[in-house]
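Take a look at the letters that make up each chain.
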Amino acid sequence: MKKILLTGFEAFGGEAINPSWEVVKRLEGHRSDQTIFITQLPCVFGLSLEKLYEKIDEIQPDLVICLGQAGGRASISVEKVAINWNDARIPDNQQNQPIDTAVVENAPLAYFTSLPCKAMVKAMQEAGLPASLSLSAGSYVCNHVMFGLLHHLALHYPRCKGGFIHIPYLPEQVASQANMPSMSLESLEKGLKVAIETALKVDEDLAISTGQIC
Ligand code: PCA
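Quick caveat: nothing in here was measured; it's all calculated off a predicted structure.

Cut-offs and rules
- Residues numbered from 1 in each chain as written.
- Predicted model: local features only at pLDDT ≥ 70, side-chain atom pairs only at ≥ 80, totals over all residues.
- Heavy atoms only, no water.
- Near = heavy atom within 4 Å.
- Polar contact = N/O pair within 3.5 Å; in protein donor to acceptor, adjacent residues only side chain to side chain.
- Areas by Shrake-Rupley, 256 points an atom, 1.4 Å probe, with all protein chains shown as cover.
- Helix = DSSP H or I, 4+ residues; strand = E, 2+ residues; numbered from the N terminus.
- Nonpolar A, V, L, I, M, F, W, Y, C, P; charged D, E, K, R; others polar.
- Pairing = 2+ DSSP bridges.
- Axes fitted to C-alpha atoms, helices over the stretch in contact; angles between N-to-C directions.
- Parallel < 35°, antiparallel > 145°, perpendicular 65-115°, else oblique.
- Left-handed = near helix turned anticlockwise from the far one by under 90°.
- Contact = heavy atoms within 4.5 Å.
- Phe/Tyr/Trp six-rings, centres within 6.5 Å; stacked < 30°, edge-to-face > 60°.
- Buried < 20%, exposed > 50% of the residue type's maximum accessible area, 1.4 Å probe, protein only.
- Lys NZ or Arg CZ within 6 Å of the ring centre and 35° of its normal.
- Expected span 1.5 Å × (residues − 1).

Novice: Explain the site of the ligand to me, and be specific about the residues and the numbers.
Specialist: Lining the immediate environment of the ligand, one finds Phe9, Phe12, Asn18, Cys43, Gly68, Gln69, Tyr140, Val141, Cys142 and His166. Interatomic distance of 2.8 Å between a backbone N/O atom of Gln69 and an oxygen atom of the ligand. For the ligand, whose free accessible area comes to 260 Å², the fraction covered by protein is 93%. Looking at the shell around the ligand, the elements that each hand over two or more residues are strand S4 (63-69) and helix H4 (141-156). Grouping the constituent residues of the shell around the ligand by class yields six nonpolar, four polar and no charged.

Novice: If you had to explain the sheet that holds S4 to someone new, which residues and values would you point to?
Specialist: In spatial order, the strands read S2-S3-S1-S4-S11-S5-S10-S12; together these eight strands make up an open sheet with mixed pairing. The open sheet has two edge strands with one neighbour each: strand S2 (29-31) and strand S12 (212-213). Taken together, the three bridges between S2 and strand S3 (residues 34-41) define a ladder with antiparallel strand orientation. Looking at the pairing, His30 lines up with Thr35 of S3.

Novice: Before we move on, can you summarise the packing of helix H1 (residues 19-27) against helix H5 (residues 185-201) with the specific residues and values?
Specialist: For any two helices packed against each other, one specifies the crossing angle of their axes together with the interaxial distance. Running from amino to carboxyl end, H1 crosses H5 at an angle of 60°, the nearest separation of the two axes being 10 Å. Classified by the angle between their axes, H1 and H5 sit oblique to one another. Crossing of H1 against H5: the hand is right-handed. Contact residues: Glu22, Val23, Arg26 and Leu27 in H1; Leu185, Glu186, Leu188, Glu189, Leu192, Lys193 and Ile196 in H5. Considered class by class, the residues forming the contact of H1 with H5 number six nonpolar, no polar and five charged.

Novice: Outline the packing of aromatic side chains, listing residues and values.
Specialist: Tallied over the full model, the rule gives three aromatic pairs. Judged by centre distance (5.2 Å) and plane angle (55°), the ring pair of Tyr111 and Phe147 falls under tilted. Of this pair, Tyr111 sits in strand S9 (residues 110-112) while Phe147 sits in helix H4, and the two are 36 residues apart along the sequence. The exposure classification of Tyr111 matches that of Phe147, with both residues buried. Among the aromatic residues, those joined into a cluster by ring pairs are Phe12, Phe45 and Tyr140. Its guanidinium or amino end placed over the ring of Phe112, Lys80 lies 4.5 Å from that ring's centre, counting from NZ or CZ.

Novice: How would you summarise H5 if you had to cite specific residues and measurements?
Specialist: With 17 residues, H5 should reach 24 Å at 1.5 Å per residue; the first-to-last C-alpha distance of 24 Å fits that figure. For H5, the set of buried residues is Leu185, Leu188, Glu189, Gly191, Leu192, Ala195, Ile196, Thr198 and Ala199.

Have a look at this one:
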């Protein structure tokens, strides 16, 4: 029985919902060979990581995938890299706005995901869903959470795979905006199921090019 922890964020930046939490709620539950646990993270520097570490220590999962909204992106993007740098474009949900600070002092400058990211992207593409590899999770709360996750796993849970997936807006978030990409909850759910299955079964990532966004 594999234990999987999925996280989604609360809404931020003036939005009423966050698609990452909407889709994660649909994925919770037991299946024959796996249990998916979910938790919502606050869109707050520091506090988001405290909550994530608490859940990981409680559940002791085999796989952790954190999800977040990337408004403006058109595909489900599996993040390759997390950097040890906070640089907030807008204040978080508790009005913190760190500029040019480390996520974790005296830690590596960056981590690569331990997910088989190319295999996950390819599997979603083959299932007919727009998916790509992303080379930057930004420098806001999502990158902060991804970096903290990979540092925590490297130090305390080296056998647990972890990483981050950014997802587009939901259609209702962009209904009045011309030319803003979105993806339906049904497609997001389908894509993430494929991504999770692939993350569980593939240990060595594919040596192929899948198409990247920078
Ligand atoms: N997206 C933000 C933080 C929370 C979320 O869903 C980000 O990309 O940093």
